[in-house]
Every structure is written in structure tokens, then in C-alpha cells.
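# Coordinates in review
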Amino acid sequence: MSGMRVRQSMTFPSFQRAALRALAALTMLLATSVRSNYVFDEDPFQPVTQDETVAVGGVVTLTCSVKENDNSSLQWSNTAQQTLYFGEKRALRDNRIQLVKSTGTELIITIAEVQLSDDGEYTCSIFTMPVRTARATVTVLGVPGKPVITGFEDAVQEGSTVTLTCTSSGSKPPAKLHWYLNQEEKPGRPDVVESNPEEPTYTVTSELIFTVTRDDNNALIACAVDHPSIANGDKKTEQPLSVLFSPSVSIQPESDLPREGEKFYLQCVANGNPEPTAFVWRRKDGELPPLAKVDGAFLRFESLNKTDNGIYECQADNGIGMGDVSHTLLVQEAGVNAADPTAMSTSSGVDHAVIGGVVAVIVFIMLCLLIVLGRYLIRHKGTYLTHEAKGSDDAPDADTAIINAEGGHSGVDDKKEYFI
């Protein structure tokens, strides 16, 4: 039992030492790895490049540079690992590729009239020991075609629902489509994206469904393409919308103050699509006056008369529907000054003022008479009471006072009879 304890105590330190050695080795490995990465990042001979994005037909510039050089040459290669330039020497016969700058530490080239096939990774190399390389990704954007709108080649009737379709092809990545009605964006259905056969591009389709009103007549429907390859804003297609609707009608008189004996007309103004061509004139509760003549949208009066007063109606028809309106004609007397449209209203105002003044004077006189009459009645009543009591103060007894109050004096004094 004691021997077992001795063996355990002797093996434990050995295991601990092995663990410490493994930990130290792992630490050295990590330190070496960190140092190796640090040295790689700070390698002065390591080429430096950057990714580029260009639209089809554009020009892309590829730049490769190093901090130091040991007289080794820089080289650009395409996506198929074909050498484009080795220092100042052209290696590939492609006139689209031109040298911009070549030094011991920098190599710059351009590719003009970029095609979709130019998309991919390009490699810059420097032939040191060992060879060092860097990659640059060139992303070629497929430019979307001008959008095409279909669905309303003909005019549409008011209140109907239309479905418009906008299509644009050739975009890479897929473009986004937006709908507008008179500069106001309208939500359409989600875009449908389809890849084009044998090409790395896409066709995008969008639909707009809405109910048209007469206010939409001659409105501009627009479909715009949003894509990073379009530098000068959206690529847009516009098309006017034609809406058929029944006419709205109003009557416009020749003058606001028609007068007896004058020529006069009423014009029926109708707005519709198509323009109304048929007009019907009527007089409410009666026939048109004998001297009134219908002339299409006009009702003409050769010589106005008071008998022409009434309500006149006009009905316009454009084949889509009908609209009607009425107008009240009031013929003024010929004596009113035509040069002063306010003469009638001014004269009427003066008459009303005179009548009002007369009424005010009469009311004032009546109030004065009532006051005078009231005062007279009050004073007369006081005098009556005073005379009724006169003579009662000096009466020797009650009977005498009553007699004096009733008659004012005795009958003996009033009447004297003489006999001859």
C-alpha cells in the first residue's frame, strides 16, 4: 500500500512537466504565426491592388504598386491568366488595353470599351524570390435597356381598370423599376426577374394596376429604371394616358346685365373626351322665344324682351355620355345706364335709404305725441282732484263740506230769482 503511494507521487511531477512543455510549444507556435503574418503584411515587396466597378462600354483602370523593388518587373494578367503587360512590354494584342505608367514600383494600365466578358479577377505579380501576387476584382455592370410600356395603346374609358407592363432588359445585376403618374410615384407589383439565355444579364418586368378617372386624361405615365450603371439619373420612358369621359357643362352669358332691345347670347361650354359636338337647348316650362335661335353651342337672342325671362337648359352629348346645366335669364329695363353696371343697385339703395328715413321720422313723431299726451293726461287728472276738494276746508260741518265739494258753492248763491 505504501509502495503504491510512492509511485503515484513520483509520476505526477512527470505528467506536469509534459503538460508545461506542450503549452510552451503551442505558445511559440502562435507567436511564430503572429510574427509571420505581421512580417507578411509589412512586406515591402508585396503588390497592392484594388477592386474596380465599371459599366459596359466604359473604361477601367488597374493599378498595381509596391513599396520597394529589387529590379524585378511588375506584371498584369487577365482573368484567363494571360499576361497583359510585363513592365512596359505589351504581351496581349488587344488595342483596348493601354499602358498608363510603368516604373519599378508601379504598373498602371487601362481597358477601354469594357465588355461583360471582362468581368472577373485580374492578377498583379512581381517576380521576386518567392513570386508575390495580388488580385483585383473587376465588376462589369450590364446597362439596362430603355424601359418599354405596354397595356394602353388605345384610349380607356373613365372608371375602367387598366394593367400596364414595363419591361427592361440587359441589366447586371437586375435593375429596379419604378412607376410614376404625373411625377407622383405609384406602387406597382413586385418586379419579376428573369435571366437572359447565354448572357449574364437579366430582364426585369413590373406591372401597375389602377382605376382611371377623368382627371387622369393626358396624364404622363412613366416607368423609370434604377441601376448603378446609370450615372445621370434614372432611365425613363413616358407615355400620355387618354381617358374617355362624358362632358361636364356650364353656360356662359354674353353679359351679366342683359337689357331690353339688345342682342344677346348664351354659350354652352362643355368639356369632355372626345369633345362634345351635339347640343340641345330648352326653356324650362315652355317653348323657346320666337326671336331666340339655336346655333350649336350658342343660343342667340336678336332683341331681348322681358318675356324672354326664364330658366334655359343646355344638354351636350359626346357619344360617351351626356351632361346638362341650367341658367336663369333676367332681362333689365332699357333705361338703366349700360355703362354703369352698378346704377340699378345704387338707385335701389337710395330708394331704400329714403324709405328708411321717412319711417324713422314717423316713428319719432309718434313717440313725441305719446309723450305729450301722457303728460297732458297726468296733469288733467291732478286738476280734477284739486277742484273736487275745493270748498271743503271752510265748511262748518260735514254736510256742508260735501255740498261744497260737489257743487263748489251752495245753490242759494248760484241762483237768484226776481219777481216783479
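Coordinates for the structure precede this section.
Residues numbered from 1 in each chain as written. Predicted model: local features only at pLDDT ≥ 70, side-chain atom pairs only at ≥ 80, totals over all residues. Heavy atoms only, no water.

## Focus on the sheet that holds strand S25 (residues 322-329)
With antiparallel pairing, the three strands of this open sheet are ordered in space as S21-S24-S25. Looking at strand neighbours, the two that pair on one side only are strand S21 (278-283) and S25, the edges of this open sheet. For this sheet the average axis-to-axis angle between neighbouring strands, irrespective of direction, equals 20°. The sheet contact formed by strand S24 (residues 310-317) and S25 spans eight bridges and is antiparallel. Within S25, the residue paired with Cys314 across the bridge is Val325. (Pairing = 2+ DSSP bridges. Helix = DSSP H or I, 4+ residues; strand = E, 2+ residues; numbered from the N terminus. Axes fitted to C-alpha atoms, helices over the stretch in contact; angles between N-to-C directions.)

## What about a nonpolar patch on the surface?
Taken together, Ile355, Val359, Val363, Leu367 and Leu370 make up a surface patch of nonpolar side chains, about 470 Å² in accessible area. Residue placement: Leu370 occurs in helix H2 (residues 343-388). For Leu370, a relative accessible area of 57% gives the class exposed. (Patch = residues over 30% accessible without salt bridge, like charges linked within 9 Å, V, L, I, M, F, W, Y side chains within 5 Å. Areas by Shrake-Rupley, 256 points an atom, 1.4 Å probe, with all protein chains shown as cover. Salt bridge = Lys/Arg side-chain N within 4 Å of Asp/Glu carboxyl O. Buried < 20%, exposed > 50% of the residue type's maximum accessible area, 1.4 Å probe, protein only.)

## Structural notes on the state of the cysteines
A full pass over the atoms with the stated rule returns three disulfides. Across the disulfide, Cys64 is cross-linked to Cys124 (sulfur-sulfur distance 1.7 Å). Linking Cys64 and Cys124, the disulfide has an S-S dihedral of approximately -80° and is accordingly described as left-handed. Linking Cys64 in strand S2 (residues 60-65) with Cys124 in strand S8 (residues 120-126), this pair joins segments that are 60 residues apart in sequence. (Disulfide = S-S within 2.5 Å.)

## Let's talk about the pairing of strand S6 (residues 97-102)
Bridge analysis of S6 against strand S7 (residues 106-111) gives five bridges, and the strand direction is antiparallel. Following the sheet pairing, Ser102 is matched in S7 by Leu107. Here S6 folds back onto S7, and the loop between the two strands holds three residues.

## Things to note about the pairing of S2
With burial as the criterion, only one face of S2 is covered, namely that bearing Val60, Leu62 and Cys64; the residues Thr61, Thr63 and Ser65 on the opposite face remain uncovered. Examined bridge by bridge, S2 and S7 share six bridges and lie antiparallel to one another. Across the sheet, residue Leu62 finds its bridge partner in S7, namely Ile109.

These figures come from the coordinates and say nothing about function on their own.
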